[in-house]
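Here are the chains, one letter per residue:
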Amino acid sequence: MTIDGIPQVLDEICKLPDAWLGAGTIFQNVWNTMHGYELNTHIKDIDILYWDDKDLSWESENNYITSLTEAFPNINIPFDVKNIARIHLWYEERFGIPKTEYFSVQESISTWPVIGACMAMRIKDGKLEFIAPHGFQDMFSLLVRPNKVLVNKSIYEDKATKWKEQWPMLSVENW
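Note that this is a predicted model, so its numbers are computed, not measured.

Moving on: the pairing of strand β2 (residues 46-50). Of all 5 residues that make up β2, 5 are buried, and the element is covered over most of its length. Residues I46, I48 and Y50 point to one face of β2 and D47 and L49 to the other, with burial holding for every one of them. Bridge analysis of β2 against strand β3 (residues 79-83) gives 5 bridges, and the strand direction is parallel. Residue pairing for β3: I48 is matched across the bridge by V81.

So, in structure tokens, the structure goes:
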């Protein structure tokens with residue numbers, strides 16, 4: 001995916017209920033630029049978050065994954081689509097941490113493991129909107145700080161260690 005592909009992805013996700021493009025596609029591409037890397041270097045997936053509390057099925061999420069993958073056959077980064085309204089159904093099994101229900105996409109984003117990664121964007125009514133509950137300073141400062149709201153030390157440290165290897169100019173705060 002090139003930077004030219006982001007507007008098309010943003011347009012396409014408007015078909016999903018309350019959908020946002022989140023995290024790595026945004027801040028990791030800023031880091032890539034600051035490191036002199038090609039866009040999308042080290043980006044493992046394209047995070048798409050949406051809110052649908054009327055359909056909490058895995059099948060619905062999977063249908064969105066399939067439709068986005070088919071809509072963008074030239075993008076070789078997998079789509080990771082999550083209905084935030086159903087996270088509580090599987091979170092503890094996957095991460096070993098109990099999770100009560102979220103009440104919005106915005107609430108979910110505010111709990112992500114790294115302060116500077118808590119962000120998402122979308123196009124609504126022709127305007128670019130952002131969710132960034134902790135702002136953009138950490139992203140532009142190449143700073144990785146833990147967000148202790150939900151995750152544990154191990155999850156944060158694994159992520160921070162991997163990122164420091166990939167983007168060596170990062171400053172990583174200890175847990």
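What follows continues from the structure just given.
Looking at the element boundaries, E61 is found in helix α3 (residues 58-71). Using a relative accessible area of 2% as the deciding quantity, one classes E61 as buried.

What follows deals with the environment of L49. Its place among the elements puts L49 in strand β2. Put simply, L49 and K82 are 33 residues apart on the chain and 5.0 Å apart in space, counted from C-alpha to C-alpha. Filtering out sequence-adjacent residues up to four positions away, L49 remains in contact with D18, A19, W20, G22, K82, I84, V105, I109, W112 and A120.

This part takes up the sheet that holds β2. In space, the 5 strands of this open sheet follow the order β3-β2-β1-β4-β5, with mixed pairing throughout. On the outer flanks of this sheet lie β3 and β5 (127-131), each paired with one strand and no other. On average, each strand axis in the sheet is tilted by 30 degrees relative to the strand beside it, whichever way the strands run. Here strand β1 (residues 20-22) pairs with β2 via 3 bridges, running antiparallel. What sits directly across from G22, in β2, is D47.

This brings us to the pattern of salt bridges. Considering all chains together, one arrives at 9 salt bridges under this definition. E12 is paired through a salt bridge with K15; the nearest N and O atoms lie 3.1 Å apart. By relative accessible area, E12 is classed as buried at 18%. Where D138 meets R145, a salt bridge forms, and the shortest distance between an N and an O atom there is 2.8 Å. Here D138 falls in the buried class, since its relative accessible area comes to 7%. Connected through salt bridges with shared partners, the residues D18, R122 and E129 form a single ionic network.

Moving on to a nonpolar patch on the surface. On the surface, a nonpolar cluster with roughly 300 Å² of combined accessible area is contributed by M34, F140 and M169. Relative to the assigned elements, M34 resides in helix α2 (residues 24-35). For M34, a relative accessible area of 35% corresponds to the partly exposed category.

What counts, and at which threshold
Residues numbered from 1 in each chain as written. Predicted model: local features only at pLDDT ≥ 70, side-chain atom pairs only at ≥ 80, totals over all residues. Heavy atoms only, no water. Buried < 20%, exposed > 50% of the residue type's maximum accessible area, 1.4 Å probe, protein only. Helix = DSSP H or I, 4+ residues; strand = E, 2+ residues; numbered from the N terminus. Pairing = 2+ DSSP bridges. Contact = heavy atoms within 4.5 Å. Axes fitted to C-alpha atoms, helices over the stretch in contact; angles between N-to-C directions. Salt bridge = Lys/Arg side-chain N within 4 Å of Asp/Glu carboxyl O. Patch = residues over 30% accessible without salt bridge, like charges linked within 9 Å, V, L, I, M, F, W, Y side chains within 5 Å. Areas by Shrake-Rupley, 256 points an atom, 1.4 Å probe, with all protein chains shown as cover.

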